[in-house]
2 protein chains.
Amino acid sequence: MTQATIRDVARRAAVSVASVSRALNGAANVHPDTRARVIAAADALGYVPHAGARSLSLARSHAIGVVLPDLHGEFFSEIIRGLDREASARGYHLLLSNIQDGRDHVIQALRAVRGRVDGLVVMAPHVDPAALAAMLPGSLPKVMINTPASKGGSTLRVDNRGGAEAITRHLLDIGRRHIVHIAGPANNSDARERYEGFKAALPQRADVHVLEGDFTEPSGAAAIAELLARKVPFDAVFAANDMMALGALQALREAGRRIPEDVALAGFDDVPLARYLSLTTIRVHMADIGTRAAARLIASVEAKDEEPTDELIVPALIVRGTTVREP
Amino acid sequence: MTQATIRDVARRAAVSVASVSRALNGAANVHPDTRARVIAAADALGYVPHAGARSLSLARSHAIGVVLPDLHGEFFSEIIRGLDREASARGYHLLLSNIQDGRDHVIQALRAVRGRVDGLVVMAPHVDPAALAAMLPGSLPKVMINTPASKGGSTLRVDNRGGAEAITRHLLDIGRRHIVHIAGPANNSDARERYEGFKAALPQRADVHVLEGDFTEPSGAAAIAELLARKVPFDAVFAANDMMALGALQALREAGRRIPEDVALAGFDDVPLARYLSLTTIRVHMADIGTRAAARLIASVEAKDEEPTDELIVPALIVRGTTVREP
DNA sequence: TGCCCCTCTGTAATCGGTTACGTAGATCCG
DNA sequence: CGGATCTACGTAACCGATTACAGAGGGGCA
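No experiment lies behind these values; they were computed from the predicted model shown.

**Here we look at a nonpolar patch on the surface**
Next, step 1: A surface patch of nonpolar side chains, amounting to about 200 Å² of accessible area, comprises A:Leu317, A:Val319 and A:Val324.
Next, step 2: For A:Val319, the location among the structural elements is in the segment after strand 12 (316-318).

Structure representation (structure tokens):
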């Protein structure tokens, strides 16, 4: 049995489709008896309005598109959680559209959601800003998270630079002088900003070692392996994200280095794992960012005149056992 | 500037909308020159087809609805990750619709997606099976994960009972005799099945203590606090999920119990955290379940004649440091 | 030349809703 | 009692695509 349509309901209630629509959507000009008949007919037929058709004629879908690089890592799950929390509280749904590397996928992802969503949350720190700006639809409200391109959309950015400076200063404060940085991919804007913050916090003539990882745990371990192989002396490691820090942590322990006595270790993000493993880090609180992004987006969807806003989120330094021996 | 429609493209290319549609969708009967003109016009106008309108006339949305209890915990993130991976590989999108407790929310969530998705993945271990069956749309293909109600849909179930038996036997094998179970909520079917497996593995006259938690970390800690307060003697704890096990782990350590010497501890799920904290558990591999669910659903969306299938996934026992001292 | 067939294109119906507009009937008022 | 006003409802256009059907034009063949 196929789903009943509004016309089926109209026929059964012996009224026009207009009256059904009015009755079911609570319009004022409907006689109580008519409304009752319509509701009875709808119930009897198990009528559920076709959301797709509805959004076509209303030009509103009550859905927001979420375009993320991929869904790996706790990082993105947290954003989605935050987005979903706010969206569903406000009666919106989330349409996920993840993108692999490569510009084509971004285009595909963006094309696929047109006419299905009322707005877009985009996070693509690894995509060239100019290219991204060119392919974003101009007509939809959007919120960009940690993504340089703005062009008429609101932005939400984490102060990566400031966070990296803070954590680097912390390492200096506890007396470390040979600090190694495990950076993220060079084409990732978060990675670049964190690297800049790191450099900015160091004294002029500090001796600096920087290795490039790819934000995954194994690449953190690999970086440590390389340092050890090259016999680079170091007493602190600042990894550009927590997952690489965790990889480094494992590798250091296996190499017999004591944490934090021999080597102090810090990450970035404060993924849920970090607390359990007592990792010093910068708390980014992605769920909160997701919540704010959704709130911001829905606000501009519902009030067309809203000005785009730019919000800079200053993350907090969380000192734990990998830099300071805990009580 | 509002988005161009197919009519705008048709006007600019001086052809009919039918030709535009044919040209852009690669139909056979289009003259090469016409196709070229249409593509040029579409590019010039930045035309992107309206997916909503498209799915209305095609009666296919290339989206699958995901109805989950809520998005808390790593557990659900993992499922979504798996779903998304498979779905996007096959050209589908995910529409998230999370549900709070209460039947009304389930109804709302299900109504909201009608006409927007080609199929449904439902996971609602806490909803009364009969009620759920009654409100599920009969017309859509669906896959239920760990959810009793079937009624024409495929199911994917984790062998909770078998897993719980295996882990309980493991605790017995390492010589523990005073095993405490921290159960999940009684209205949750996963929780009930795990509890049954636990009971089934125990010898007839074992002395059993069972406390009820709510699958959250604090409730695991609270359970331990209660046991200690009541001075119940125990040498092993089996928590119905990993998060409660982690809460228990913290509480036990704070109480000065050595793990695993004084108390062996086991969880269920193998969330990513478990490996880091060396928690013995049952690997459920939710991402894999998500992948299979999506694959199964898409198969039945694309071939209407598919028979529903029922798959039972047997999870593996993962022995780690909280039950057996590691090398 | 006449007829058929094939290729290409356009017209208009359709998907399932919403809603502007028009109208029938009741009520009110001078 | 006639006209204005209001309430309740139906007709049909519309949202933006797809596609069945029909028709125009050209080529091949008897």
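**What to know about the interface of chain A and chain B**
Next, step 1: Opposite the 44 residues of chain A that make contact, chain B presents 43 residues.
Next, step 2: Carbon and sulfur atoms supply 53% of the area that chain A and chain B bury against each other, a total of about 4,200 Å² over both sides.
Next, step 3: For the pair chain A and chain B, the number of links is 2 salt bridges.
Next, step 4: At the surface where chain A touches chain B, the tally comes to 23 residue pairs in polar contact (both at pLDDT 80 or more).
Next, step 5: Listing elements by their share of the side of chain A that touches chain B, those giving two or more residues are helix 4 (51-58), helix 5 (73-89), strand 2 (93-98), helix 6 (103-113), helix 11 (242-254) and helix 12 (272-276) of chain A.
Next, step 6: Ranked by the residues each element gives to the side of chain A that touches chain B, the list is headed by helix 5 of chain A, at 8 residues.

**Considering the domain arrangement of chain A**
Next, step 1: Domains assigned within chain A are domain 1 (6-49), domain 2 (62-159 + 286-315) and domain 3 (160-284).
Next, step 2: For domain 1 of chain A and domain 3 of chain A, the distance between their C-alpha centres works out to 64 Å.

**Description of the protein's contact with DNA strand C**
Next, step 1: Surrounding DNA strand C, one finds 29 residues, the nearest of these being A:Ile6, A:Ser21, A:Arg54, B:Ser16 and B:Thr34.
Next, step 2: Of all atoms in DNA strand C that approach within 4 Å of the protein, 61% are sugar or phosphate atoms.
Next, step 3: At a separation of 2.9 Å, a phosphate oxygen of DNA strand C approaches a polar side-chain atom of B:Ser19.
Next, step 4: For the surface near DNA strand C, the secondary structure elements donating two or more residues are helix 1 (6-13), helix 2 (17-24) and helix 4 of chain A together with helix 2 (17-24) and helix 4 (51-58) of chain B.

**Some words on the protein's contact with DNA strand D**
Next, step 1: If you check the shell around DNA strand D, you find 29 residues, and the closest are A:Thr34, B:Ile6, B:Ser21, B:His50 and B:Arg54.
Next, step 2: Per the 4 Å cut-off to the protein, sugar and phosphate atoms form 62% of the nearby atoms of DNA strand D.
Next, step 3: Between A:Ser57 and DNA strand D, the recorded distance is 3.5 Å, taken from a backbone N or O atom to a base oxygen.
Next, step 4: At the level of elements, helix 2 and helix 4 of chain A together with helix 1 (6-13), helix 2 and helix 4 of chain B are the ones that each hand at least two residues to the surface near DNA strand D.
Next, step 5: The leading source of residues in the surface near DNA strand D is helix 4 of chain B, at 5 residues.
Next, step 6: Residue composition of the surface near DNA strand D, grouped by class: 14 nonpolar, 11 polar and 4 charged.

Conventions we followed
Residues numbered from 1 in each chain as written. Chains lettered and ligands numbered in written order. Predicted model: local features only at pLDDT ≥ 70, side-chain atom pairs only at ≥ 80, totals over all residues. Heavy atoms only, no water. Patch = residues over 30% accessible without salt bridge, like charges linked within 9 Å, V, L, I, M, F, W, Y side chains within 5 Å. Areas by Shrake-Rupley, 256 points an atom, 1.4 Å probe, with all protein chains shown as cover. Salt bridge = Lys/Arg side-chain N within 4 Å of Asp/Glu carboxyl O. Helix = DSSP H or I, 4+ residues; strand = E, 2+ residues; numbered from the N terminus. Contact = heavy atoms within 4.5 Å. Buried area = accessible area lost by both parts, 1.4 Å probe. Polar contact = N/O pair within 3.5 Å; in protein donor to acceptor, adjacent residues only side chain to side chain. Domains from an automatic or database assignment. Near = heavy atom within 4 Å. Nonpolar A, V, L, I, M, F, W, Y, C, P; charged D, E, K, R; others polar.

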